[in-house]
Amino acid sequence: MGQEYEQLLLKNQLCFPMYACSRKIVGSYTPYLKPLGLTYTQYVVMMVLWEQETVNVGQLGEILRLDAGTLTPLLKRLEKANLVTRERSKEDERITVISVTKEGEALKEKCKDIPFKLASKSSPLSESEAKELYRLLYLFLDGE
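Heads up: these notes are all about the structure in this document. These figures come from a predicted structure and were not determined experimentally.

## A word on the overall build of the chain
- Counting its secondary structure elements, the chain contains 7 helices and 3 strands.
- Beginning at the N terminus, the succession of helices and strands in the chain can be written as α-α-β-α-α-β-β-α-α-α.
- Going through the 144 residues of the chain one by one, you find that 24% of them count as buried.
- Within the chain, residue pairs in contact and separated by at least 24 positions form 52% of the contacts whose partners lie at least 6 positions apart.
- About 10,700 Å² of surface is accessible on the chain, with carbon and sulfur atoms providing 56% of the total.

## Quick notes on the side chain of Ser89
- Relative to the elements of secondary structure, Ser89 occurs in the loop between strand S2 (84-88) and strand S3 (96-100).
- Only 3.1 Å separates the side chain of Ser89 from the side chain of Glu91, close enough to count as a polar contact.
- At 3.3 Å, the side chain of Ser89 and the backbone nitrogen of Asp92 are in polar contact.
- When sequence neighbours within four positions are dropped, the list of residues in contact with Ser89 reads Ile95 and Val97.

## What about the sheet that holds S3?
- A sheet is described by the order of its strands in space; here 3 strands give the open sequence S1-S3-S2, paired in antiparallel fashion. The outermost strands of the open sheet, each flanked by one partner alone, are strand S1 (54-56) and S2. Adjacent strand axes in the sheet meet at a mean angle of 25 degrees, parallel and antiparallel pairs treated alike.
- Both S2 and S3 contribute to a ladder of 5 bridges, which runs antiparallel. Following the sheet pairing, Arg88 is matched in S3 by Thr96.
- Relative to S2, helix H4 (residues 68-80) is tilted by about 120 degrees, and along the sheet it contacts S2 and S3.

## Considerations on the packing of helix H2 (residues 40-52) against H4
- Between H2 and H4, the least distance of the axes is 11 Å, while the angle of their chain directions is 80 degrees. By the angle class used here, H2 and H4 are roughly perpendicular. Here H2 contributes Thr41, Gln42, Val45 and Met46 to the contact with H4, which in turn contributes Leu71, Leu74, Leu75, Arg77 and Leu78.
- By residue class, the composition of the contact of H2 with H4 is 6 nonpolar, 2 polar and 1 charged.

## Thoughts on the packing of H2 against helix H5 (residues 102-111)
- The N-to-C vectors of H2 and H5 enclose an angle of 110 degrees; their axes lie 10 Å apart at closest approach. Between H2 and H5, the interaxial angle falls into the category roughly perpendicular. Considering only the axes of H2 and H5, their crossing is left-handed. Each of Tyr43, Met46 and Trp50 in H2 lies in contact with H5, whose residues at this interface are Gly104, Glu105, Leu107, Lys108 and Cys111.
- Looking at the contact of H2 with H5 residue by residue, the class counts come to 5 nonpolar, 1 polar and 2 charged.

## Digging into the packing of aromatic side chains
- Taken as a whole and judged by the stated rule, the model has 5 aromatic pairs.
- Ring geometry for Tyr29 against Tyr43: centres 5.6 Å apart, planes inclined by 45 degrees, an arrangement best described as tilted. One end of the pair, Tyr29, is in helix H1 (residues 15-33); the other, Tyr43, is in helix H2, and 14 residues separate them in sequence.
- What makes Tyr29 buried here is its relative accessible area of 16%.
- The interplanar angle of 50 degrees and the centroid separation of 4.9 Å between the aromatic rings of Tyr134 and Tyr138 together place this pair among those described as tilted. Residue Tyr134 and its partner Tyr138 are both found in helix H7 (residues 127-142); the two are separated by 4 residues, about one turn of the helix.
- Through successive ring pairs, a cluster of aromatic residues spans Tyr29, Tyr40 and Tyr43.

Procedures and definitions
Residues numbered from 1 in each chain as written. Predicted model: local features only at pLDDT ≥ 70, side-chain atom pairs only at ≥ 80, totals over all residues. Heavy atoms only, no water. Helix = DSSP H or I, 4+ residues; strand = E, 2+ residues; numbered from the N terminus. Buried < 20%, exposed > 50% of the residue type's maximum accessible area, 1.4 Å probe, protein only. Contact = heavy atoms within 4.5 Å. Areas by Shrake-Rupley, 256 points an atom, 1.4 Å probe, with all protein chains shown as cover. Polar contact = N/O pair within 3.5 Å; in protein donor to acceptor, adjacent residues only side chain to side chain. Pairing = 2+ DSSP bridges. Axes fitted to C-alpha atoms, helices over the stretch in contact; angles between N-to-C directions. Parallel < 35°, antiparallel > 145°, perpendicular 65-115°, else oblique. Nonpolar A, V, L, I, M, F, W, Y, C, P; charged D, E, K, R; others polar. Left-handed = near helix turned anticlockwise from the far one by under 90°. Phe/Tyr/Trp six-rings, centres within 6.5 Å; stacked < 30°, edge-to-face > 60°.

Here it is as structure tokens:
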């Protein structure tokens, strides 16, 4: 490829290693989440609900950086699994409020060691490098 197309070389793309790392990280959760019947995205939704107990779809989308089109079917599946409830807000019927159920809260116990299991896997990053990567990723995300 000529020099005028250097910008199209995969090795010159910041987006590709970020994409590939994302896929690798999400895949590393699968052995722990699949037996619980969760996808990674469902897991992060549950993490938000374990922290906040109740949240509306708009707030959830902001926190997770997901749109309603992605969240709605995912939340329906979580509701069908009896992990969350979806109800219209009494103050504004246009707003859907999501709450964790007793079963969803019980799932937290089964998930509590997942972060430790993943952290204990060998990583090429030192603790300080991991903290710096975390900082840089949020700098990138928040710079939109």
